[in-house]
Amino acid sequence: MDFDGILPALRNGQIDVAAHDFAITEERLETFDFVEPHKYSYGSAIVRAEDVDHFTSAHDLEGVEVALGSLTSNYAIFADNIGADGTAYDAEPKPF
């Protein structure tokens, strides 16, 4: 199941439990019950070696084109909040 389908499937009873890196938001708390987190995830960015000196913090991504797994992910929301230009790639990447 694609990430974007998990919460709708939980909401409509298609599944009973959803386990993923969900951000706990006020909107989600109105609909779902959350358990205590079992793990915490940390994001990272990968840049070309020749560009490494251009980025010292996530805020340096303002106005930069970035690839995202999903436009509704926590990382996409963060990218939007800092002004990065996010493009979603929902297909599995092909190995090099």
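Only a predicted model underlies this, so the values are computations on that prediction, with no experimental measurement involved. (Residues numbered from 1 in each chain as written. Predicted model: local features only at pLDDT ≥ 70, side-chain atom pairs only at ≥ 80, totals over all residues. Heavy atoms only, no water.)

**Things to note about the pattern of salt bridges**
At step 1: Enumeration over the complete set of coordinates arrives at two salt bridges.
At step 2: The residue Glu50 makes a salt bridge to Arg48 at a minimum N-O spacing of 3.6 Å.
At step 3: Residue Arg48 is joined to Asp51 by a salt bridge in which the shortest nitrogen-to-oxygen separation is 2.7 Å.
At step 4: Arg48 sits in the exposed class, given a relative accessible area of 56%.
At step 5: One network of salt bridges, with partners in common, ties together Arg48, Glu50 and Asp51. (Salt bridge = Lys/Arg side-chain N within 4 Å of Asp/Glu carboxyl O. Buried < 20%, exposed > 50% of the residue type's maximum accessible area, 1.4 Å probe, protein only.)

**Some remarks on a nonpolar patch on the surface**
At step 1: A contiguous nonpolar patch, built from Ile24, Leu29 and Phe34 and spanning about 250 Å² of accessible area, is present on the exposed surface.
At step 2: Topologically, Ile24 is positioned in the loop between α1 (3–11) and α2 (26–29). (Patch = residues over 30% accessible without salt bridge, like charges linked within 9 Å, V, L, I, M, F, W, Y side chains within 5 Å. Areas by Shrake-Rupley, 256 points an atom, 1.4 Å probe, with all protein chains shown as cover. Helix = DSSP H or I, 4+ residues; strand = E, 2+ residues; numbered from the N terminus.)

**Some remarks on the side chain of Arg28**
At step 1: The topology assignment puts Arg28 in helix α2.
At step 2: The contacts of Arg28, once residues within four sequence positions are left out, are Leu7, Phe22, Ala23, Phe34 and Asn74. (Contact = heavy atoms within 4.5 Å.)

**Quick notes on the environment of Ala84**
At step 1: Tracing the chain through its elements places Ala84 in the loop between α3 (74–81) and β2 (85–88).
At step 2: Once the C-alpha coordinates of Ala84 and Ser57 are considered, the two residues, 27 residues apart in sequence, prove to be 12 Å apart.
At step 3: Beyond its immediate sequence surroundings of up to four residues, Ala84 is in contact with Leu61, Glu62, Gly63, Val64, Val66 and Ala79.

**What about the pairing of strand β1 (residues 65–68)?**
At step 1: Taking every second residue as pointing to the same face, the buried face of β1 carries Val66 and Leu68, while none of Glu65 and Ala67 on the other face is buried.
At step 2: As a crossover connection, the stretch from β1 through α3 into β2 is right-handed. (Right-handed = clockwise from strand over helix to strand, strands pointing away.)

**As for α1**
At step 1: All of the buried residues along α1 are Ile6, Leu7 and Ala9. Mapping the buried residues of α1 onto a view down its axis gives an arc of 160°, with all of them on the same face.
At step 2: Summarising the contacts, the buried residues of α1 are in contact with α2.
At step 3: Remark: Gly13 follows α1 within two positions and exhibits a positive phi of approximately 85°. (Arc of directions from axis to C-beta.)

**Here we look at the nonpolar core**
At step 1: Counting residues in each nonpolar core, the largest one holds seven residues, listed as Leu61, Val66, Leu68, Ala76, Ala79, Ile82 and Ala84.
At step 2: Those elements giving two or more residues to this core turn out to be β1 and α3. (Core = buried A, V, L, I, M, F, W, Y, C linked by side-chain atoms within 4.5 Å.)

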